[in-house]
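# Structural overview
The residues making up each chain are set out below.
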Amino acid sequence: MTNIKGFVNSIQTLGTLDGPGVRFVVFMQGCNLRCGCCHNPETWEMSGGTQYFPEEILNKVLRFKSYFGQDGGITLSGGEPLLQAEFAKELFVLCHNSGINTCIDTSGSLLSDDVKELLKHTDRVLLDIKYTDDDLYKEHAGCSLSRPLEFLKYVNEINIPVTLRQVIIPSLNDNEENILKLAEIYKTHSCIDSFELLPFKKLCSTKYEKYGLEFKFKDLPQPDENMMKKLNGFLIDKIKN
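Scope of this entry: the structure provided in the associated data block. (Residues numbered from 1 in each chain as written. Predicted model: local features only at pLDDT ≥ 70, side-chain atom pairs only at ≥ 80, totals over all residues. Heavy atoms only, no water.)

Formed by 69 residues in total, the largest nonpolar core has its most connected members in I57, I74, L91, I169 and F217. The leading source of residues in this core is helix α2 (residues 85-97), at six residues. Apart from residues no more than four positions distant in its own chain, I169 is found in contact with C37, Y131, D174, F200, F217 and L220. (Core = buried A, V, L, I, M, F, W, Y, C linked by side-chain atoms within 4.5 Å. Buried < 20%, exposed > 50% of the residue type's maximum accessible area, 1.4 Å probe, protein only. Helix = DSSP H or I, 4+ residues; strand = E, 2+ residues; numbered from the N terminus. Contact = heavy atoms within 4.5 Å.)

The next thing to look at is the packing of helix α1 (residues 54-62) against α2. Relative placement of two packed helices is described by the angle separating their axes and the distance separating the axes. Where α1 contacts α2, the two axes come as close as 9 Å, and the packing angle between them is 40°. Taken together, the axis directions place α1 and α2 in an arrangement best described as oblique. Between α1 and α2 lies a crossing of right-handed hand. Each of P54, E55, I57 and L58 in α1 lies in contact with α2, whose residues at this interface are F87, E90, L91, L94 and C95. (Axes fitted to C-alpha atoms, helices over the stretch in contact; angles between N-to-C directions. Parallel < 35°, antiparallel > 145°, perpendicular 65-115°, else oblique. Left-handed = near helix turned anticlockwise from the far one by under 90°.)

As a further point, take the state of the cysteines. Under the defined criterion, the tally for this structure stands at zero disulfides. No disulfide involves C35; its sulfur sits 5.6 Å from the nearest other cysteine sulfur, which is in C37. The buried category is assigned to C35, whose relative accessible area is 10%. (Disulfide = S-S within 2.5 Å.)

Let's shift gears to helix α6 (residues 176-187). Taking 1.5 Å of rise per residue, twelve residues should cover 16 Å, and α6 covers 16 Å from first to last C-alpha, within 8% of that figure. Burial in α6 covers these residues: N178, I179, L182, A183, I185 and Y186. Buried residues of α6, seen end-on, are gathered within an arc of 160° and therefore sit on one face of the element. Structurally, α6 contributes buried residues whose contacts are with α5 (146-158), β7 (162-168), β8 (192-199) and α8 (225-240). (Expected span 1.5 Å × (residues − 1). Arc of directions from axis to C-beta.)

So, on to the packing of aromatic side chains. Per the counting criterion, the structure on display carries eight aromatic pairs. Where Y186 meets F195, the ring centres are 6.5 Å apart and the plane angle is 80°; that geometry is what we call edge-to-face. Judged by relative accessible area, Y186 falls into the buried class, the value being 16%. Ring centres of Y208 and F215 lie 4.5 Å apart, and the angle between their planes is 25°; on these two criteria the pair is classed as stacked. By the burial criterion, Y208 is buried, and F215 matches it. Clustering of aromatic rings is evident, with ring pairs tying together W44, F200, Y208, F215 and F217. (Phe/Tyr/Trp six-rings, centres within 6.5 Å; stacked < 30°, edge-to-face > 60°.)

Right, let's get into α5. The terminal C-alpha atoms of α5 lie 19 Å apart, and with 13 residues this matches the ideal 18 Å at 1.5 Å per residue to within 8%. Taken residue by residue, α5 has P148, F151, L152, Y154 and V155 as its buried positions. Across the axial projection of α5, the buried residues extend over an arc of 160°, all falling on one side. Of the exposed residues in α5, those oriented more than 90 degrees away from the buried face are K153 and E157. At the exit of α5 stands N159, carrying a positive phi of roughly 60°.

Before going further, it helps to spend a moment on the pattern of salt bridges. Applying the stated criterion across every chain, the model contains eleven salt bridges. A salt bridge links K207 to E42; the shortest N-O distance between them is 3.1 Å. Taken as a pair, K207 in helix α7 (residues 205-210) and E42 in the loop between β2 (23-28) and β3 (50-52) lie far apart in primary sequence, 165 residues in all. Taking the relative accessible area as the measure of exposure, E42 reaches 18% and is therefore buried. The shortest N-O distance in the salt bridge between E196 and R165 comes to 2.8 Å. Of this pair, E196 sits in strand β8 while R165 sits in strand β7, and the two are 31 residues apart along the sequence. Several salt bridges converge on common partners, so that one network encompasses D105, R165 and E196. (Salt bridge = Lys/Arg side-chain N within 4 Å of Asp/Glu carboxyl O.)

If you want it as structure tokens, here you go:
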């Protein structure tokens, strides 16, 4: 057993929204960003999470392996799993040794030597490109657009399949200019093989109240079904043409 422990906020045993197939989802504790649309503010601080050795998480995952089928596996989400890249790498090595597919759900805002080691054992990346405008990125996420693009460039070089994701937030990125730029990112990185546009939702507002935090996007509307259908269609069209 290694001496490395990871800080985990929560675990979802049979997830279907965090990568291909049925997945064991580990929500890691700690995040370096402060996104206005964040659904999991309880994961921001490293303190408060439960500590696990990689072997302890693997033992939990193995109980559900029979449900994974050909496409499923484990996904590390958060928070930001790249903050605990050394722990994640050790866990993914164990998972691969047990025949379990590995996936990371990330903002792509970090690219250290430890992250590069982790990526050697990662089968898929779910990459959240929050905005395609640098000023919006800095104001509403807390970093520059250049950071996830640098991460994506590296992932493209080592050819890990990527699902490109973006939360659609009315008045911020629900426009054709943003979708055109997103399509360009898709077309210029061969590692990207799928995308997901996700509607901004405010169900998380109760969490902000519980933890005494300001939900900066509380007054923004949620996108309706017609808007999501329109933007999805526009993105598909621009990717193809």
